[in-house]
Amino acid sequence: MHSAPPARHWLAAAAPKAAPVVATSTVLALARIWNANGAEHSVGNAWLMGVLAGAAAAAGAVSALGYSSDPIITGAAFGASGALALAGVAAYSDGWSLPLLLWAIATVIAYALAHRHWRVDRREATAYERRLTEKREDHAHAERVEAMRGQAQITVAREQHAYAASLAAAITVRASLPGFDSSALAQAGLPELSSACSTED
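### Regarding the overall build of the chain
Part 1 of the reasoning: When you go through the chain residue by residue, the secondary structure sums to 6 helices and 0 strands.
Part 2 of the reasoning: Each helix and strand of the chain, placed in order from N terminus to C terminus, yields the pattern α-α-α-α-α-α.
Part 3 of the reasoning: The proportion of buried residues among the 201 residues of the chain is 15%.
Part 4 of the reasoning: Look at the contacts in the chain between residues 6 or more apart in sequence, and 68% of them connect residues 24 or more apart.

Written out as structure tokens, the structure is:
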């Protein structure tokens with residue numbers, strides 16, 4: 001009666017799970033490309049990334065402490081601050097040890113924050129599916145009740161028609177019997193089929 005929703009492709013389902021590691025890996029790769037193009041031991045570049053990371057962190061703190069704080073804006077500001085800090089250190093360092101360590105820490109933090117949102121989304125999706133299932137069951141129950149009621153009405157109408165046909169046939173046979181006297185039936189008070197019904201049947 002109700003068609004099930006189509007199943008999501010496994011790539012569409014796995015894409016959000018891979019987003020944090022893809023984001024941190026992209027920042028690390030771009031920072032190391034910047035490192036190879038002259039950012040290594042550049043004090044000016046380090047100061048620039050530090051100032052940008054501090055500004056993003058301050059914007060996130062202001063948004064979090066504000067009267068009408070928006071979680072999306074706060075998360076985006078802190079995420080940008082972490083990305084800028086990771087990019088600055090990865091671009092300024094001459095080796096891979098510290099950039100990889102920061103990349104691992106940033107990836108773990110990103111997954112920890114994303115897990116909270118995934119849990120909320122999963123809870124909301126489960127509640128929505130439960131409400132949808134309850135509504136479908138209610139509609140299915142109402143449809144079954146209406147179908148049973150309609151079937152009962154059809155059965156009653158069919159039985160009434162069969163009874164009327166049998167009654168008309170019985171009266172026709174009675175009228176054809178020899179010595180039938182309708183006036184005697186009327187005087188006795190027995191029921192008699194009207195002429196309109198006799199003609200119709």
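### As for a nonpolar patch on the surface
Part 1 of the reasoning: Taken together, the side chains of Leu 98, Leu 101, Ile 105, Ile 109 and Leu 113 define a hydrophobic patch exposed on the protein surface, amounting to about 470 Å² of accessible area.
Part 2 of the reasoning: The partly exposed category is assigned to Ile 105, whose relative accessible area is 42%.

### Describing helix α3 (residues 71-92)
Part 1 of the reasoning: Here α3 spans 31 Å end to end across 22 residues, near enough to the 32 Å set by a 1.5 Å rise per residue.
Part 2 of the reasoning: Among all positions of α3, only Thr 74, Ala 77, Ser 81, Leu 86, Ala 87, Gly 88, Ala 90 and Ala 91 are buried.

### Overview of the side chain of Thr 107
Part 1 of the reasoning: Note that Thr 107 resides in helix α4 (residues 97-176).
Part 2 of the reasoning: Using a relative accessible area of 8% as the deciding quantity, one classes Thr 107 as buried.
Part 3 of the reasoning: Discounting chain neighbours no more than four positions away, the residues touching Thr 107 are Val 21 and Thr 24.

### Re the pattern of salt bridges
Part 1 of the reasoning: This model, assessed by the stated rule, comprises 1 salt bridge.
Part 2 of the reasoning: A salt bridge links Glu 146 to Arg 149; the shortest N-O distance between them is 3.3 Å. Within this pair, Glu 146 and its partner Arg 149 are both found in helix α4, separated by 3 residues, close to a single helical turn.

### A look at the packing of aromatic side chains
Part 1 of the reasoning: Taken as a whole and judged by the stated rule, the model has 0 aromatic pairs.
Part 2 of the reasoning: When the ring centre of Trp 96 is taken as origin, the NZ or CZ atom of Arg 32, which lies over that ring, is 4.6 Å away.

### Some thoughts on the nonpolar core
Part 1 of the reasoning: One finds Leu 28, Ala 31, Ala 39, Met 49, Ala 87, Ala 90 and Ala 91 forming the largest nonpolar core, which totals 7 residues.
Part 2 of the reasoning: What Met 49 contacts, discounting residues up to four positions off in sequence, is Trp 34, Leu 84, Ala 87 and Gly 88.

### Focus on α4
Part 1 of the reasoning: Its 80 residues place the ends of α4 114 Å apart at the C-alpha level, agreeing with the 118 Å of an ideal helix rising 1.5 Å per residue.
Part 2 of the reasoning: Considered for burial, the residues of α4 that qualify are Pro 99, Thr 107, Ala 114, Trp 118, Ala 140, Ala 168 and Ile 171.

### Here we look at the environment of Ser 25
Part 1 of the reasoning: Assignment of secondary structure puts Ser 25 in helix α1 (residues 10-39).
Part 2 of the reasoning: By relative accessible area, which is 28% here, Ser 25 ends up partly exposed.
Part 3 of the reasoning: It is 9.7 Å that separates the C-alpha atoms of Ser 25 and Ala 106, two residues lying 81 residues apart in sequence.
Part 4 of the reasoning: Polar contacts involving the side chain of Ser 25 include one to the main-chain carbonyl oxygen of Val 21, which spans 2.6 Å.

### Considerations on a positive patch on the surface
Part 1 of the reasoning: There is a patch of like positive charges on the surface, built from Lys 17, Arg 116, Arg 119, Arg 122 and Arg 123.
Part 2 of the reasoning: Top element by residues in the positive patch is α4. It accounts for 4 residues.
Part 3 of the reasoning: Among the secondary structure elements, Arg 123 is positioned in helix α4.

### A short note on the packing of α3 against α4
Part 1 of the reasoning: Running from amino to carboxyl end, α3 crosses α4 at an angle of 165 degrees, the nearest separation of the two axes being 9 Å. Considering the angle they form, α3 stands roughly antiparallel to α4. When you trace α3 past α4, the crossing you get is left-handed. Facing α3, whose interface residues are Leu 86, Val 89 and Ala 90, α4 presents Leu 98, Pro 99, Leu 102, Trp 103 and Ala 106.
Part 2 of the reasoning: Here the contact of α3 with α4 is composed, by residue class, of 8 nonpolar, no polar and no charged.

Conventions used here
- The written sequence of each chain sets the order in which its residues are numbered from 1.
- Under the rules for a predicted model, residues below a pLDDT of 70 receive no local features and side-chain atom pairs below 80 are neither given nor counted, while totals for whole chains, interfaces and linings still include all residues.
- Side-chain metrics rest on all non-hydrogen atoms present in the structure, leaving aside hydrogens and water.
- Secondary structure elements are taken from DSSP: a helix is a run of H or I of four residues or more, a strand is a run of E of two residues or more, and numbering for both begins at the N terminus.
- Here's how the labels work: a residue is buried when its accessible area is under 20% of the maximum for its type, exposed when over 50%, partly exposed in between, all with a 1.4 Å probe on protein chains only.
- Any two residues whose heavy atoms approach within 4.5 Å at even a single point are treated as in contact.
- A patch consists of residues whose relative accessible area exceeds 30% and which take part in no salt bridge; residues with like charges are grouped when within 9 Å of each other, and nonpolar side chains (Val, Leu, Ile, Met, Phe, Trp, Tyr) when within 5 Å.
- Only the protein chains shown count as cover for residues, and all accessible areas are computed by the Shrake-Rupley method using a 1.4 Å probe.
- When a carboxyl oxygen of Asp or Glu lies within 4 Å of a side-chain nitrogen of Lys or Arg, that pair is called a salt bridge.
- In this analysis, the expected span of each helix is defined as 1.5 Å times one less than the number of residues it contains.
- For Phe, Tyr and Trp, where Trp contributes only its six-membered ring, two rings pair if their centres lie within 6.5 Å, and the inter-plane angle classes them as stacked under 30 degrees, edge-to-face over 60, or tilted in between.
- Ring-over charges, as used throughout, are those where CZ of Arg or NZ of Lys falls within 6 Å of the ring centre and within 35 degrees of the ring normal.
- Buried residues of nine kinds, namely Ala, Val, Leu, Ile, Met, Phe, Trp, Tyr and Cys, make up a nonpolar core once their side-chain atoms join them within 4.5 Å.
- The definition of a polar contact used here is a pair of N or O atoms within 3.5 Å, where within protein one atom must be able to donate a hydrogen and the other to accept one, and adjacent residues in sequence count solely through side-chain atom pairs.
- Positive charges are assigned to Lys and Arg, negative charges to Asp and Glu, while His and the chain termini are left out of the count.
- For the purpose of locating charges, the reference atoms are NZ of Lys, CZ of Arg, CG of Asp and CD of Glu.
- Convention adopted: a line fitted to C-alpha atoms gives each axis, helices being fitted over their contacting stretch, and angles between N-to-C directions are expressed from 0 to 180 degrees.
- Small angles under 35 degrees read as roughly parallel and large ones over 145 as roughly antiparallel, with 65 to 115 read as roughly perpendicular and the rest as oblique.
- Helix crossings fall into two classes, left-handed where the near helix is turned counterclockwise from the far one by less than a right angle and right-handed where it is turned clockwise.
- Residue polarity follows a fixed list, in which Ala, Val, Leu, Ile, Met, Phe, Trp, Tyr, Cys and Pro are nonpolar, Asp, Glu, Lys and Arg are charged, and the others, Gly among them, are polar.

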